[in-house]
Amino acid sequence: MRRGLDSLDSDIWHNTVIPICVGARGAAPHAPTDHRKLPMTQIAQALTRIFDRHRIVFWYDEKNELRGEYDGLTLPNIEKIEIADNQFGVKYRILRQEPEQKFLIYHAGPRPQPMDNWLLDVELAHGHFSADQSALWLTELGLGLEFVNLVAPHTEFFASTRRREALKAMLAADDSERRIRLKMLAVCAATEARLDEILEALLADLAAGKDEKIKLIGRSALDDFLWEEVGRTYGYRAAKPGLRDFMLVLFGAGYALALGEATARSGASGRPAQETPLVAGAPRLTGDAVVFLKRWKDSVRHHETFEALSTQAAEDLDIQQDLTGRDYRSLVDLDYFEIIDRKILSDLVLAVTDRTLPAAECANFIRRRRQSHWFDRYQHPYEAVEHGVAFLHLLDTVDLTIRSLAHGVEQYSRVWYQLDQHYRKFIYHATQSGLPTLLAALTERVENFYINNYVLKVNDLWQPWVDVAARWEAAPVLAQRDFFEQKVRPFLARGNKIFVVISDALRYEIGEELLRLIRQEDRYDAELSPALTQLPSYTQLGMAALLPNESLTIVNGDLVLVDGNSSQGMENRKKILDRALPGRATAVGGDDFLRMNRDDSRALFRDHEVVYIYQNRIDATGDKRDSEEQVFEAVEKALEELVLIVKKLSNANVTNMIVTADHGFLYQHRDLEESDFAGAEAQGREIIFHNRRFVLGRGLSATAGFKKFQAAEVGLIGDLEILLPKSINRLRQRGAGSRYVHGGCTLQEVIVPVVMINKKRQSDVTSVDVDILRGTNSVISAGQLTVAFYQLEPVTEKVQARRLRAGIYTNGGALISDQHELTFDSISDNARLREVRVQFVLTREADAANNQEVILRLDEQVADTSHYREYRSARYMLRRSFTSDFDL
């Protein structure tokens, strides 16, 4: 009759709930506890919380020292019963006589052994109370007696109400002791209960010189558990484990592995770490460590932490010394340390300067570096190197032969402009890099080749054709003075409106870059053709020639008449447009247009058939001695602004636009030498205007160093004569800049772009397609997988780069490898250069998918969201033996 009342079992289990207090999760071991007395209010509060979940609560006063507290305890609507050889009666009362009443059942003495406990079945189904501090904490957290050993070693942690509340919010019903300790670590680190996030938070403190979180973990006696988890997950073992030591081991092992000079273990084998030959003392970590390092490196939230600790690790591991003897090509995909980029750039500059690196190989190398962590910081020097090698390569292969004026314009607008463009981009990026010493040798070579082997040479070959020209024209090339009739008037004849943007000094090569920028925009199409400017090639005449005109007359250097009317200033240009198209045409400054609101810009379109918009960024900077060296920076700003103007015009319902210029310019970044100036000064009866590149006057002397034009020969009215210094020579002029000049007849000065832009109704931009090349083997038998991805076509303006995220997943969608953010942006026609090889490292989660099919997936981000959708995938069989633990 020890157990008795078997017929009552159904009633017992009917009242069973998942217990939340000590002893409520089943027959737990009888563990020693701390029996320090608690205040009556604390006991009452604890009991009240238990009764919120249970109808019956057992209280064992093991040392019979809380009798007074029990006797003095009063809880509303709760009956107290003391066990005193009355178990059967108690059981009958609480289960049959009063099945709805709440009972506190007190026993003065230790808890009976299970075989002697008549109320064991009731106790197992209900709650248990112990009045020591540990038990109260467990009760507060809703944890059972089986977790009593969890509290005692970590009293510092549980002593904080804030920490207990934070832990309680994280607990789940099925938490194990290990899982709860991990959540305690998360509370200390103020993160989610994931080891990688805990480490990221601790490393962030290390980078910031703080130690509050790691010290709290130590005071809470959780440090041993932390390093056990780090060892189990990442393979880190040390006689005296520590955060800084772990950081150095992580960087060192990741670096060695990326170089192929060490291996990492895949899976949680628990075997002792092995030594890598690269970094003394650095253990061989698991694949999960490599994945953690990569994720940490690529984290937007933790990039500052990573960079700060990467710098420290590079110094402590003496990475600079290790890099000294390495070939930079072996580092192309390695980006754990900033100094790697410095090493690569130093060697790249040397290779390009010494002409030992082919341009295509250099471009492909830099394209791969674009996806590295530090590229944004070193983008300017990388871009400088890329444009420098492209310039030198093109100069090696280009034919500068000229057979006529028209042929010269054709060759320049088809090929030679690229040399000016690469030079401009090289100088711009070299200047912006802030690394003059690094780029000094390459800069000197590019400057020398640009000036002596290209600009001087090509214009010396061009000059004889200028000298023999009876008239300044190069049919079928558009003459600038015919711009309105040939480019603007046809739109009006078709009943279309047209907006013309004139950018001062937008030379041809800049117009070509603008063309590409415009074509990259969705639903925009554009075409580019050259025009031959008036001579002299300067602002006042070029601006006048672009207006509707029948005659052009230079009165003096600053005043040019259009059909006898002044073209100087915005108001006079408006008048000339209005005479040609009464009430239908106007002009506005570029800054004024950009300041217009939507209604005003639409009214501008509604009320006019032709609108001229004037931008002045390039010439305003280059024409001043104090700012001329910033002219290439001004070009970048001008291009950005022109794209904004075009988009704003489109938003105002404009569909037809033209961008052109009044003149181009010559520019060399280094200071001029004596030989860059004309050997003699201009002479003549009357000199009315003189600058660096032309002279206006009457009775001018024709000498060997100048080309003389009569006004009629260049399409002008009047008796003025023009002297132009031959080739790239400058005239001396006090107070004026000499590196940036225009007004002469070099190719760079007289060929300007005419960019015809049309806004389409339908989308015309696509992205490149990408395939997965996996060969014949579809089995993953090791801890890593190398896969080639192939970009099917080169990137163009209308076929744009595609950005994808790659990873290996289970059929259930769980990620079991590192992830790679890939950009497919190659412009090469060489199919081999459009292939990208990526190495995936499997994590411990892959163990559960062994002998199952897994999926290599390329995902693409949904535009304007944080969501991804599958772009392409390939299936593999994961079949790894235990030996794969030794060979990642």
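Residues numbered from 1 in each chain as written. Predicted model: local features only at pLDDT ≥ 70, side-chain atom pairs only at ≥ 80, totals over all residues. Heavy atoms only, no water.

A word on unusual backbone geometry. With an omega of 10 degrees, the peptide bond between A475 and P476 qualifies as cis. With respect to the helices, strands and loops of the structure, P476 is situated in the loop between α22 (436-467) and β5 (478-479). Between L535 and the following residue, P536, the backbone shows a cis peptide bond with an omega angle of -5 degrees. Within the element layout of this structure, P536 appears in the loop between β7 (524-532) and α25 (539-545). One non-glycine residue, S727, adopts positive backbone phi at about 55 degrees. According to the relative accessible area criterion, S727 is buried, its value standing at 5%. (Helix = DSSP H or I, 4+ residues; strand = E, 2+ residues; numbered from the N terminus. Buried < 20%, exposed > 50% of the residue type's maximum accessible area, 1.4 Å probe, protein only.)

Glancing now at the side chain of S627. Positionally, S627 belongs in the loop between α29 (618-622) and α30 (631-651). Ignoring any residue separated from it by four or fewer positions in sequence, one finds S627 in contact with A620 and T621. (Contact = heavy atoms within 4.5 Å.)

This part takes up the pattern of salt bridges. Enumeration over the complete set of coordinates arrives at 68 salt bridges. Here R507 makes a salt bridge to E509, at a shortest N to O gap of 3.0 Å. Overall, R507 belongs to the buried group, its relative accessible area being 0%. D764 is paired through a salt bridge with K760; the nearest N and O atoms lie 3.8 Å apart. For D764, a relative accessible area of 19% translates into the label buried. The network of salt bridges with common partners includes R424, K425, R507, E509, E513 and E636. (Salt bridge = Lys/Arg side-chain N within 4 Å of Asp/Glu carboxyl O.)

What follows is about the layout of surface pockets. In this structure, the second largest pocket spans a volume of roughly 390 Å³. Along its surface, the second largest pocket is lined by 19 residues, and D196, T233, Y234, R844 and E845 are the ones closest to its centre. Secondary structure elements with two or more residues in the lining of the second largest pocket: α10 (177-189), α11 (195-207), α13 (223-234) and α15 (287-298). The residue makeup of the lining of the second largest pocket, split by class, is seven nonpolar, two polar and ten charged. (1 Å grid on protein atoms, 1.4 Å probe; cavity = no way out; pocket = protein on both sides within 12 Å on 5 of 7 lines; lining within 4 Å. Points joined across faces, edges and corners; volume = space filled by probe spheres on them. Nonpolar A, V, L, I, M, F, W, Y, C, P; charged D, E, K, R; others polar.)

Following both chains from N to C, one finds α10 and α11 inclined at 30 degrees, their axes separated by 10 Å at the closest point. Our classification of the angle between α10 and α11 gives roughly parallel. Viewed along their axes, α10 and α11 form a crossing whose handedness is left-handed. Each of L182, L185, A186 and A189 in α10 lies in contact with α11, whose residues at this interface are L195, I198 and A201. Across the contact of α10 with α11, the residue classes break down as seven nonpolar, no polar and no charged. (Axes fitted to C-alpha atoms, helices over the stretch in contact; angles between N-to-C directions. Parallel < 35°, antiparallel > 145°, perpendicular 65-115°, else oblique. Left-handed = near helix turned anticlockwise from the far one by under 90°.)

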